[in-house]
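An overview of the molecular structure
Below are the chains, spelled out letter by letter.
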Amino acid sequence: MEMKQPMIENREDGGEQEKEQESHENGRLVADSIVEKGQKSCSGPGQVSNGYSSTTPQSPREGAGAGMDRGSTPGAFRTLVVQQTSLDPPRETWSKKMDFLLSVIGYAVDLGNVWRFPYICYQNGGGAFLLPYLLMAVFGGVPLFYMELALGQFHRSGCISIWKHICPIFKGIGFAICIIALYIAFYYNTIMAWALYYLLSSFRTTLPWTTCNNIWNTPNCTHYLSTDLNVSWTDNSISPAEEFYIRQVLQVHLSPGLHQLGWVSWQLALCLLFIFTVVYFSIWKGVKTSGKVVWVTATFPYLVLLILLIRGATLPGAWRGVVFYLKPDWGKLLTTSVWLDAAAQIFFSLGPGFGVLLAYASYNPFHNNCYKDALITSSVNCLTSFLSGFVIFTVLGYMAEMRQQGVETVAKDAGPSLLFIIYAEAIANMPAATFFAIIFFLMIIMLGLDSTFAGLEGVITAMLDEFPHLLARRREWFVLGLVCVCYLGALSTLTYGGAFVVKLFEEYATGPAVITVVFLEVIAVSWFYGTTRFCNDVQLMLGFAPGVFWRVCWVAICPCFLLFIIGSFLAFPPEVRLFDYLYPFWTTVLGYCIGLSSFICVPSYMVYHLVTTKGTFKQRLLKSITPEASGSSGPQRDTIVITNAV
């Protein structure tokens, strides 16, 4: 967005000066200096934020005196720096730079880094998987991450209103992102409710998932600890940890499937209510409060990971898990599924397209180095995923040693089961099991809280920027209503068959839709708004333009990267299974309908925009892809420099 400097010629008519002053009703005199004709003001402490220079600002009294003294001198000129003031309240900003960095890191580093990456890594060739993972990160994930931070920081808008500055016809992308964020809130927080249930159950000397004499246990429950030398593990054996998770926490045995979910579990309903209460009081005031909360929620998981890594490395058999985790199988790199999993993992790990990066970056100072921020946060995210693999697989190696089985047999569970069954059982067999259980499930809750803060803040920022006069002064009430909607929407995941609903949302409702939305976002920015214009915006902010590598990634590589994921998903739809329940065909149709319900906002808004825009069809189309003129981006939007004025 180019910066314009109005030049007002020297005029002798005082009436013309009055008109010029009246055209800036909301203006106020910031600096008043006198320069000789043709002389430039030197830069320094008096340089204004838009790059033009002025002298040191004076008080109104000094400015008035100077104006009268010098104004009578023939041939003298004054440079007036007029700052526009708005009736709207100023945009909130982060209290500290670290608040922003920790918020972005907390958003990017979530539960998927702990359970998804280690599982996908060993499933796709161990150490060999790191090659496609890093390639997909460098050429796909990080450029998208950088692009969203730069867009949000330059235009200082949420995911809805930002499109009038980029390509108005694509505004439906913002509404689609908000709906996707709601779907995620419906099921993601339920996983934290499970972790809270485990946390509350951990405050006892004997953990409840270590014994088989509870009311929820079956005859197949096998109490198998390293000290039980007379107990053997068979194919029909079920660990007490698995029965605690399935039959006590989820109670999924009481539901035959999605067609009959059963009643809501009141214990989980109370746990989820507590989670949403914490979420509300962390984000209700904006980034000023959430930026302080993340100092705990974003740093505590790293402390726990370090403790668990040291403890896991000292367990017998830990080396077996590490070898299994990192042993490369180069032959798997020839299969398409490995590259697809690498692309999907880095995309969902960094999290572009959810409106969060746009929202968080919009609260940054205009000249903040978002390029450096993108490299730091994405690197921390990838290294955390790699570190989590060691934390998980040292324990899996210990479990394999204890059961006298292969690591691949122990690590057959993926997703939440890896944490709530395998890892929970391993913790129960450690000395000081209660302590490790408490800190582990606290870590799970805090990893989830950061992502929930971010996801809801993306929606809140988008709606407040789109409807400022309606919601700006009612943020607390709007956040309360949003949290209540999310809680009510999550009730289906708290039923006896709620785990089936969580899996359905995870597989169909969010993944394909958000990838398609990000694909359209890249096309709109790179091809319609233009990489040249976008790079000029970045140069205006940072003082340097993105290089050829970033331009090529945004124009060609990133769209191909996203098309590859979309095409693979459509060509090979996943077979969804949870425990012994195979999802029937009608659930697949239902899942696609839920995903389509968010994406339908994009074409619907395109039609609406074309219909409501005035003019011929060609004029409407041209207006729809032309960014609206705006002087509201960056600090220069509030400053007008008037030179050569008497």
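Residues numbered from 1 in each chain as written. Predicted model: local features only at pLDDT ≥ 70, side-chain atom pairs only at ≥ 80, totals over all residues. Heavy atoms only, no water.

As named in an unreviewed UniProt entry, the protein is Transporter, taken from Carassius auratus. In UniProt, the protein has this text filed under Sequence similarities (unreviewed entry): "Belongs to the sodium:neurotransmitter symporter (SNF) (TC 2.A.22) family." What UniProt records for the protein under Subcellular location (unreviewed entry) is the sentence "Membrane". (UniProt positions renumbered as here; feature names shortened; annotations may be inferred.)

1. Considerations on the overall build of the protein
A count of helices and strands for the protein gives 24 helices and five strands. Considering the protein as a whole, with its 646 residues, one finds that 55% of them fall into the buried category. Total accessible area on the protein is roughly 28300 Å²; 63% of this is exposed by carbon and sulfur atoms. (Helix = DSSP H or I, 4+ residues; strand = E, 2+ residues; numbered from the N terminus. Buried < 20%, exposed > 50% of the residue type's maximum accessible area, 1.4 Å probe, protein only. Areas by Shrake-Rupley, 256 points an atom, 1.4 Å probe, with all protein chains shown as cover.)

2. Points about the nonpolar core
Counting 200 residues, the largest nonpolar core has Trp209 and Phe441 as the members making the most contacts within it. Of the residues forming this core, the biggest block, 25 residues, is contributed by helix 20 (residues 498–542). If sequence neighbours within four positions are ignored, tryptophan 209 has contacts with Tyr198, Ser201, Ser202, Pro240, Ala241, Phe244, Ala424, Glu425, Ala428, Ala437 and Phe441. (Core = buried A, V, L, I, M, F, W, Y, C linked by side-chain atoms within 4.5 Å. Contact = heavy atoms within 4.5 Å.)

3. Examining the side chain of serine 362
Residue position: serine 362 is located in the loop between helix 13 (356–361) and helix 14 (370–403). With near-sequence residues (within four places) excluded, serine 362 lies in contact with Arg91, Gly152, Gln153, Arg156, Ser157 and Thr461.

4. Quick look at the packing of helix 6 (residues 172–201) against helix 22 (residues 585–599)
The contact between helix 6 and helix 22 brings their axes to 7 Å, and the two run at 140 degrees. For the pair helix 6 and helix 22, the contacting residues are Ala176, Ile179, Ile180 and Tyr183 in the first and Ile594, Ser597, Ser598 and Phe599 in the second. Here the contact of helix 6 with helix 22 is built from residues that sort into six nonpolar, two polar and no charged. (Axes fitted to C-alpha atoms, helices over the stretch in contact; angles between N-to-C directions. Nonpolar A, V, L, I, M, F, W, Y, C, P; charged D, E, K, R; others polar.)

5. Examining the pattern of salt bridges
Throughout the structure, instances matching the rule amount to eight salt bridges. Lysine 503 is the partner of glutamate 507 in a salt bridge, and the nearest nitrogen-oxygen pair spans 3.5 Å. Of the two residues, glutamate 507 and lysine 503 are both situated in helix 20; the distance of four residues between them amounts to about one turn of the helix. Looking at glutamate 507, the relative accessible area reads 22%, which means it is partly exposed. (Salt bridge = Lys/Arg side-chain N within 4 Å of Asp/Glu carboxyl O.)

6. Quick word on the UniProt feature "binding site: Na(+)" (unreviewed entry) in the protein
According to UniProt, the positions carrying the feature "binding site: Na(+)" (unreviewed entry) are Gly106, Ala108, Val109, Asn113, Ser349, Asn381, Leu447, Asp450 and Ser451. In summary, the annotated positions, though distributed over 346 residues, converge in three dimensions, the widest C-alpha pair being only 13.4 Å. Counting through the fold element by element, valine 109 comes out in the loop between helix 3 (97–108) and helix 4 (111–123). The exposure class assigned to valine 109 is buried, which follows from its relative accessible area of 5%. Look past the residues within four positions of valine 109 in its chain and what remains in contact with it is Tyr302, Asn381, Thr384 and Leu447. Counting through the fold element by element, asparagine 381 comes out in helix 14.

7. As for the environment of valine 293
Relative to the helices and strands, valine 293 resides in helix 9 (residues 287–297). In this structure the C-alpha to C-alpha distance between valine 293 and leucine 102, which are 191 residues apart in sequence, comes to 9.7 Å.

8. A closer look at the state of the cysteines
What the rule picks out here adds up to one disulfide. Here cysteine 212 pairs with cysteine 221 through a disulfide, and the sulfurs are 2.0 Å apart. Every disulfide takes its handedness from the sign of the S-S torsion; for cysteine 212 and cysteine 221 that torsion is -70 degrees, giving left-handed. For cysteine 212, a relative accessible area of 25% gives the class partly exposed. Looking at the unpaired cysteine 178, the closest cysteine sulfur is the one in cysteine 159, lying at 4.0 Å. For cysteine 178, a relative accessible area of 9% translates into the label buried. (Disulfide = S-S within 2.5 Å.)

9. Here's the deal with a nonpolar patch on the surface
Taken together, the side chains of Leu131, Leu135, Val138, Phe139, Trp330 and Phe549 present a nonpolar region at the surface, about 540 Å² in accessible area. Here the nonpolar patch gets four residues from one element, more than from any other, and that element is helix 5 (residues 130–155). Along the chain, valine 138 falls in helix 5. (Patch = residues over 30% accessible without salt bridge, like charges linked within 9 Å, V, L, I, M, F, W, Y side chains within 5 Å.)

10. Examining the packing of aromatic side chains
This model, assessed by the stated rule, comprises 57 aromatic pairs. Considering the side-chain rings of tryptophan 194 and phenylalanine 420, the 6.2 Å spacing of their centres and the 75 degrees angle between planes classify their relative orientation as edge-to-face. One end of the pair, tryptophan 194, is in helix 6; the other, phenylalanine 420, is in helix 16 (residues 416–428), with 226 residues separating them in the sequence. For phenylalanine 420, a relative accessible area of 1% gives the class buried. (Phe/Tyr/Trp six-rings, centres within 6.5 Å; stacked < 30°, edge-to-face > 60°.)

11. Topic: the side chain of threonine 531
Tracing the chain through its elements places threonine 531 in helix 20. Take threonine 531: its relative accessible area is 14%, and that puts it in the buried class. Apart from the residues within four sequence positions on either side, threonine 531 is in contact with Val525, Ser526, Trp554 and Val555.

12. What about the environment of glutamate 466?
As for its placement among the helices and strands, glutamate 466 is situated in helix 17 (residues 433–466). For the pair glutamate 466 and isoleucine 162, spaced 304 residues apart in sequence, the C-alpha to C-alpha distance is 8.9 Å. Engagement of the side chain of glutamate 466 in a polar contact is seen with the side chain of lysine 171, the distance being 2.6 Å. (Polar contact = N/O pair within 3.5 Å; in protein donor to acceptor, adjacent residues only side chain to side chain.)

13. Some details on the confidence of the model for the protein
When pLDDT is averaged along the protein, the result is 81; 81% of the residues meet or exceed 70. Low confidence marks residues 1–77, where pLDDT is under 50. Its contacts with residues over four positions away, or in another chain, come to 105 contacts. In this model, residues 631–646 is a region of pLDDT below 50 whose contacts with residues beyond four sequence positions or in other chains number 61 contacts. (pLDDT = per-residue confidence, 0-100.)

14. Thoughts on the environment of histidine 253
Secondary-structure assignment places histidine 253 in the loop between helix 7 (240–250) and helix 8 (266–283). Judged by relative accessible area, which is 36%, histidine 253 ranks as partly exposed. Separated by 243 residues in the primary sequence, histidine 253 and tyrosine 496 place their C-alpha atoms 7.6 Å from one another. Setting aside residues no more than four positions away along its own chain, histidine 253 makes contact with Ile246 and Arg247.

15. A short note on helix 19 (residues 475–489)
Given 3.6 residues per turn, any residue in an α-helix points the same way as the ones three and four places further on. Spanning 15 residues, helix 19 covers 21 Å between terminal C-alpha atoms, matching the ideal 21 Å at 1.5 Å per step. Within helix 19, the full set of buried residues consists of Arg475, Phe478, Val479, Leu482, Val483, Cys486 and Tyr487. As for helix 19, its buried residues are in contact with helix 6, helix 8, helix 17 and helix 18 (468–471). (Expected span 1.5 Å × (residues − 1).)

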